[in-house]
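One letter stands for each residue in the lines below.
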Amino acid sequence: YRDRGDLANLALSQAYLSLAYQNLGQWELARSAVDDALGQLENLSLSTPEDFLVRAIALNAKGRLLLVRGQAQAALSMWRDAETAYDRAENVIGRLGSQINQAQALQALGQYQRAWEQLEAAVLQLEPLPDSPLKIEALRNLGVTLQIVGQLETSQTVLERSLAIAQRLELPQEALASQFALANTARDRGNPEEAISNYQQIADAAEGSLRRDALLNQLSLLIDL
């Protein structure tokens, strides 16, 4: 794409490359790739929905990198710009995804009330749309926020719905993530046996950081008991 002077597809490729590097934990390569993507877009006159979609994807990748690196305020700003770009691209799902990402940044900043309002608005807009991974994520993030602010019964209801959709769509990783959030809510609600059982089920089925977190939370709860 670079040799052909195709700046839009070059930027898109670099944005996806950044996401791949992020998943591998190669942060400097991830930063270089997404900055290259955004730099290419500076040389492109954005005029079509397709152009704005590429910009939105690049901004989304940059926001994700910033949040992982502890720069929540910068990530929030980047995702707001991504939402605008998705809107210009007439991409409803992308716009809603950016709103959900903004809520994650708000959570990292300790602004749980604003995150709660943002997520409720996103879930409301997702309601008439078909079930999807984005709906699962929105419900899960809302449930986690409700747990943090002490709305435990509502949190459990929302998280159970997230889990049910993940199971119906046969998305095991999404289901495990929602089950983990439910285990945390069960712990806060004073149901340690339910929480321990859920943590063990997750540890038996999950890999990587989710398995580690389930084991750590289970250990912490056993110590408390």
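Look up: the structure comes first, before these words.
Residues numbered from 1 in each chain as written. Predicted model: local features only at pLDDT ≥ 70, side-chain atom pairs only at ≥ 80, totals over all residues. Heavy atoms only, no water.

Draft legend 1. Summary view of the overall build of the protein. Secondary structure assignment for the protein yields eleven helices and zero strands. The order of helices and strands in the protein, counted from the N terminus, is α-α-α-α-α-α-α-α-α-α-α. A compact globule built from 225 residues should have a C-alpha radius of gyration of about 17 Å, and the protein, at 19 Å, falls within 12% of that. Across its three principal directions, the C-alpha atoms of the protein cover 60 × 35 × 35 Å. The long-range fraction of contacts in the protein, counting pairs at least 24 apart against all pairs at least 6 apart in sequence, stands at 53%. A total of about 11,400 Å² of accessible surface is found on the protein, and carbon and sulfur atoms cover 49% of it. In the protein, which carries 19 positive and 28 negative side-chain charges, the distance between the mean positions of the two groups comes to 3 Å. (Helix = DSSP H or I, 4+ residues; strand = E, 2+ residues; numbered from the N terminus. Rg over C-alpha atoms; globule rule 2.2 N^0.38 Å. Contact = heavy atoms within 4.5 Å. Areas by Shrake-Rupley, 256 points an atom, 1.4 Å probe, with all protein chains shown as cover. Lys, Arg positive; Asp, Glu negative; His and termini not counted. Charge placed at Lys NZ, Arg CZ, Asp CG, Glu CD.)

Draft legend 2. How the structure looks around the packing of helix H1 (residues 7-24) against helix H3 (residues 49-68). At a minimum axis separation of 9 Å, H1 and H3 run at an interaxial angle of 25 degrees. Here H1 lies roughly parallel to H3, going by the angle between them. Note that H1 runs across H3; the crossing there is left-handed. Residues Ala8, Ala11, Leu12, Ala15, Tyr16, Leu19, Gln22 and Asn23 of H1 touch H3, and the partners they reach there are Asp51, Val54, Ile57, Ala58, Ala61, Arg64 and Leu65. Residues that form the contact of H1 with H3 fall into these classes: eleven nonpolar, two polar and two charged. (Axes fitted to C-alpha atoms, helices over the stretch in contact; angles between N-to-C directions. Parallel < 35°, antiparallel > 145°, perpendicular 65-115°, else oblique. Left-handed = near helix turned anticlockwise from the far one by under 90°. Nonpolar A, V, L, I, M, F, W, Y, C, P; charged D, E, K, R; others polar.)

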